[in-house]
Amino acid sequence: MEVYIEYVIIDNFVIDYLLLKATYAITGMPVKRWRLFICSFLGAGIALIFPFIKTHALITVILKICSGLLITLLSANYKTLNSYIVNSAIFFGYTFLLGGAIVGMYNILGL
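Residues numbered from 1 in each chain as written. Predicted model: local features only at pLDDT ≥ 70, side-chain atom pairs only at ≥ 80, totals over all residues. Heavy atoms only, no water.

S.K.: Is there a simple way to explain the packing of helix H3 (residues 57–75) against helix H4 (residues 81–109) in this structure?
M.R.: Helix-helix packing is characterised by the crossing angle of the two axes and by the distance between the axes. For the pair H3 and H4, interaxial distance at closest approach is 10 Å and the crossing angle is 125°. Between H3 and H4, the interaxial angle falls into the category oblique. In this structure, H3 meets H4 at a crossing whose hand is right-handed. Contacts from Ile65, Gly68, Leu69, Thr72 and Leu73 of H3 reach H4 at Tyr84, Ser88, Phe91 and Phe92. (Axes fitted to C-alpha atoms, helices over the stretch in contact; angles between N-to-C directions. Helix = DSSP H or I, 4+ residues; strand = E, 2+ residues; numbered from the N terminus. Parallel < 35°, antiparallel > 145°, perpendicular 65-115°, else oblique. Left-handed = near helix turned anticlockwise from the far one by under 90°. Contact = heavy atoms within 4.5 Å.)

S.K.: Explain a nonpolar patch on the surface here, please?
M.R.: On the surface, a cluster of nonpolar side chains totalling about 800 Å² of accessible area is made up of Ile15, Leu98, Ile102, Met105, Tyr106, Ile108, Leu109 and Leu111. When residues of the nonpolar patch are assigned to their parent elements, the largest contribution, six residues, is made by H4. Along the chain, tyrosine 106 turns up in helix H4. Taking relative accessible area as the criterion, tyrosine 106 reaches 44% and is therefore assigned partly exposed. (Patch = residues over 30% accessible without salt bridge, like charges linked within 9 Å, V, L, I, M, F, W, Y side chains within 5 Å. Areas by Shrake-Rupley, 256 points an atom, 1.4 Å probe, with all protein chains shown as cover. Salt bridge = Lys/Arg side-chain N within 4 Å of Asp/Glu carboxyl O. Buried < 20%, exposed > 50% of the residue type's maximum accessible area, 1.4 Å probe, protein only.)

S.K.: Just checking my understanding: could you explain H4 for this structure?
M.R.: Each full turn of the α-helix corresponds to 3.6 residues, which orients residues three or four apart in the same direction. Look at H4: 42 Å from first C-alpha to last across 29 residues, which is about the 42 Å you get at 1.5 Å a residue. For H4, every residue scored as buried is listed here: Ser83, Tyr84, Asn87, Ser88, Phe91 and Phe92. Next to the buried residues of H4 lie helix H1 (5–27) and H3. Phi turns positive one or two residues past the end of H4, at glycine 110, with a value near 70°. (Expected span 1.5 Å × (residues − 1).)

All we've got here are geometric facts, nothing functional implied.
Right under this line is the structure:
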């Protein structure tokens, strides 16, 4: 199966941007659009690199969690640790929900 790099970058950029936008929309926290763009590109770059990292599955999961925490940390100017934790939790919740929905659609469609 061929995977085109530009599709990986574009798909991950759009999904990361929408997840970040939804996260800050639900909390009502003001965020600059340029920060969302930069963090979305960072997330797309990380998603591009992950398939080339050959390590134990647990380490891969830890790296993915750390990358999500980094993306949420850089995407806004947090005044308290609590607001960072809440926004990170919402971001991860949306990520898991979207991932589950995509896996469900693949199973329903038999892909």
